[in-house]
Amino acid sequence: MSTLIRSVEVLVSSPSRNFVTLRITTEDGVVGLGDATLNGRELAVASYLRDHLAPLLVGRDAHLIEDTWQFLYRGAYWRRGPVTMTAIAAVDVALWDIKAKLANMPLYQLLGGASRTGALVYAHAAGGDIPSLFDSVRQRLDEGYRAIRIQVAVPGVAKSYGVQAGAARGAKYAYEPAKRAGLSVEEGWDSAAYLRHLPGVFEAVRNEFGPDLLLLHDVHHRLTPIQAARLGKSLEPYDLFWMEDVTPAENQEALRLVREHTTTPIAIGEVFNSVWDYRDLVREQLIDYVRASVVHAGGITGLRRIFDYAAMYQIKSGSHGPTDISPVGLAAALHLDLAIHNFGIQEHMAHQPLAHEVFQTSYTFDGGLMHPGDEPGLGVAYDDEAAARFDYEPAYLPIARLADGTIHDW
Ligand code: CS2
Ligand code: MG
């Protein structure tokens, strides 16, 4: 029996949006999948994998997960960065998929077995105004979600983050920030208007839906530390599960100032890609949730390092799971969510039906919890024939500008 790697294929397809998938096959024909999707920069990772990693992997033993991770991380000399870490993640997840298939077990068993019956997930709700926001929340409650992220349009700002532009009242929420276009769409931003508006929105939501519903909010890196501190304070009466990415992520010290002023829990990290990005945040207990993804933080191996480090300080996981994480990436996250002790919550933005024509999944949703299923490996299969129908189309994330034209953090 040979577990040597025979082929490494980079599969790019666009069933409703772009996905990059890595497929590693052993000499004996065991197949592992990894998600290598980096939203708006997909082909950079595809090239990194195809041109630089694939030649290094063919002939290696697929069982050597940790050694391969270190080989690709240390062996590149150039460390970290989203392109590199997404590529390493795809290899890592594909190798875990293979190992679990060889063991004839669902991946979560190899990660230590289930620590819970399912992973609590949060869905998105949004609206241009309060009535449409309430409709959106009700839809999510009807679907069975127990935790809901709330985003609203900001008065005077055209096209706010997280709100589906032009959606009719009652339309199913299908916000997708990456737009298929040759250039980035331009959105607006006004922090002062946002800070004035948001507390009233949360007050209305709490009054309408009561104290038990878990409420989250994404600030999407837009505030200065003192603005973020003020936001956290003003939201305290509405008991948020977390406020996410309140300041741009590069400056870990910014969170110290926020922390000094508010008890609203803080989650951060969807653009982080290594445990080093969390070093001070965790050690100084400046956050409550580490919110990176399997796909962008070095795979199961990379993210588990982050979660284990966070566990020492009672900080929980909050896996990033938007639609740009493919079904392969979501499945990998769910296996990890089920196994780790310090699980907090998993984001769930359901994929469009077209995506499921390419990716056949075995994860399930029931009563607000998701489960990765009990197929050997990740439990995801890739349909090449279906994928061939959906060619890659360039797509970009938006940018944000202030009223005077200055580029702001999107
Ligand atoms: C967001 C994402 O899901 C989230 O929390 O911040 O929609 C994010 O904008 C995209 O993943 C960017 O690719
Ligand atoms: Mg976010």
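Conventions used here
- Residues numbered from 1 in each chain as written.
- Chains lettered and ligands numbered in written order.
- Predicted model: local features only at pLDDT ≥ 70, side-chain atom pairs only at ≥ 80, totals over all residues.
- Axes fitted to C-alpha atoms, helices over the stretch in contact; angles between N-to-C directions.
- Helix = DSSP H or I, 4+ residues; strand = E, 2+ residues; numbered from the N terminus.
- Parallel < 35°, antiparallel > 145°, perpendicular 65-115°, else oblique.
- Left-handed = near helix turned anticlockwise from the far one by under 90°.
- Contact = placed C-beta atoms within 7 Å.
- Bend = angle between axes of the 7 residues up to and from the residue.
- Buried ≥ 20, exposed ≤ 12 C-beta atoms within 10 Å, placed from the backbone.
- Near = placed C-beta within 6 Å.
- Nonpolar A, V, L, I, M, F, W, Y, C, P; charged D, E, K, R; others polar.
- Domains from an automatic or database assignment.
- Core = buried A, V, L, I, M, F, W, Y, C linked by C-beta atoms within 7 Å.
- Pairing = 2+ DSSP bridges.
- Expected span 1.5 Å × (residues − 1).

Where do I start with the packing of helix 6 (residues 191-209) against helix 7 (residues 225-235) in this structure?
Pairs of packed helices are described in terms of their axes, by the angle between the two and the distance that separates them. The geometry of helix 6 relative to helix 7 is characterised by a closest axis approach of 9 Å and an angle of 15° between their N-to-C directions. Viewed along their axes, helix 6 and helix 7 adopt a mutual orientation that is roughly parallel. Remark: the crossing between helix 6 and helix 7 carries right-handed chirality. Along the contact surface, helix 6 presents Ser-191, Leu-195, Leu-198, Pro-199 and Phe-202, while helix 7 presents Gln-227, Arg-230, Leu-231, Ser-234 and Leu-235.

Please explain helix 1 (residues 42-57) as it appears in this structure.
Along an α-helix, residues three or four positions apart point the same way, because every turn accommodates 3.6 residues. Bending of helix 1 peaks at approximately 35° at the position of Arg-50. When helix 1 is considered as a whole, its buried residues turn out to be Glu-42, Val-45, Ala-46, Tyr-48, Leu-49, Leu-53 and Leu-57. Summarising the contacts, the buried residues of helix 1 are in contact with strand 1 (5-13), strand 2 (19-26), helix 2 (65-74) and helix 3 (82-103). Phi for Gly-59, located one or two positions after helix 1, is positive at around 95°.

Looking at this structure, I do not really get the site of ligand 1. What am I missing?
In the vicinity of ligand 1, the residues found are Asn-39, Pro-177, Asp-218, His-220, Glu-270, His-320, Pro-322, Asp-324, Glu-347 and Leu-397. Its residues assigned to classes, the shell around ligand 1 comprises three nonpolar, three polar and four charged.

When you look at the packing of helix 5 (residues 130-143) against helix 6 in this model, what are you seeing that I'm missing?
Relative to each other, helix 5 and helix 6 sit at 50°, their axes nearing to 11 Å. In terms of orientation, helix 5 lies oblique with respect to helix 6. With respect to the hand of their crossing, helix 5 and helix 6 are arranged in right-handed fashion. Listed contacts from helix 6 to Ile-130, Phe-134 and Val-137 of helix 5 are Val-201, Ala-204, Val-205, Glu-208 and Phe-209. In terms of residue class, the contact of helix 5 with helix 6 is made up of seven nonpolar, no polar and one charged.

Help me understand the domain arrangement of the protein, please; the structure alone is not making it clear to me.
Where interface size is given, it is often the accessible area lost as the parts come together that is meant. If you check the domain split of the protein, you get domain 1 (5-106) and domain 2 (110-375). Computed from C-alpha atoms alone, the centre-to-centre distance between domain 1 and domain 2 is 26 Å. Listed as interface residues are 30 residues of domain 1 and, on the opposing side, 31 residues of domain 2. For the side of domain 1 that touches domain 2, the secondary structure elements donating two or more residues are strand 2, strand 3 (31-35), helix 2 and helix 3. A per-element tally of the side of domain 1 that touches domain 2 places helix 3 first, with eleven residues. Counted by class, the side of domain 1 that touches domain 2 contains 15 nonpolar, nine polar and six charged residues.

It is not clear to me how the nonpolar core should be interpreted in this structure. Could you clarify?
Counting 120 residues, the largest nonpolar core has Leu-22, Leu-49, Val-91, Ile-287 and Val-294 as its most contacted members. Of the residues forming this core, the biggest block, twelve residues, is contributed by helix 3. Here this core spans two domains, and each of domain 1 (5-106) and domain 2 (110-375) adds at least three residues to it. The contact partners of Val-294, leaving out residues within four places of it in the chain, are Ala-89, Val-93, Gly-299, Ile-300, Leu-303, Gly-329, Ala-332, Ala-333 and Leu-336.

What is the right way to read the pairing of strand 1 from this model?
A regular strand carries its side chains on alternate faces of the sheet. Here strand 1 runs beside strand 2; their pairing, made up of eight bridges, is antiparallel. In the strand pairing of strand 2, Val-8 is matched with Ile-24. Connecting strand 1 to the next strand, strand 2, in antiparallel fashion are five residues, including Ser-16 with a positive phi near 85°.

Teacher, can you tell me more about helix 6 here?
Counted at 1.5 Å a residue, the expected span for helix 6 with its 19 residues is 27 Å, and the 27 Å between its end C-alpha atoms agrees. At His-197, helix 6 is bent by approximately 25°, the largest bend along its length, and proline Pro-199 sits one to four residues beyond. If you check which residues of helix 6 are buried, you get Tyr-194, Leu-198, Val-201 and Val-205. Looking at the buried side of helix 6, the elements it contacts are helix 5, strand 5 (147-152), strand 7 (214-218) and helix 7. One or two residues past the end of helix 6 sits Gly-210, with phi positive at roughly 85°.

What am I meant to see in the sheet that holds strand 17 (residues 399-401) here?
Pairing between the strands of a sheet is mediated by backbone hydrogen bonds and can be parallel or antiparallel. Taken together, the three strands give an open sheet; going across it, the order is 6-17-18, and neighbouring strands pair in mixed fashion. Two strands lie at the open edges of the sheet, namely strand 6 (186-188) and strand 18 (407-408), each paired on one side alone. In the sheet, strand 17 pairs with strand 18 via two bridges, with the strands oriented antiparallel. Bridge pairing in strand 18 links Ala-400 to His-408.

Looking at this structure, I do not really get the sheet that holds strand 1. What am I missing?
Spatially, 1-2-3 is the arrangement adopted by the three strands of the open sheet, whose pairing is antiparallel. The two strands at the open ends of the sheet, each matched to only one other strand, are strand 1 and strand 3. Neighbour to neighbour, the strand axes of the sheet diverge by 20° on average, direction disregarded. Sheet strands in contact with helix 1 are strand 1 and strand 2, and its direction is about 170° off that of strand 1. Here helix 3 sits on the sheet in contact with strand 2 and strand 3, set at roughly 145° to strand 3.

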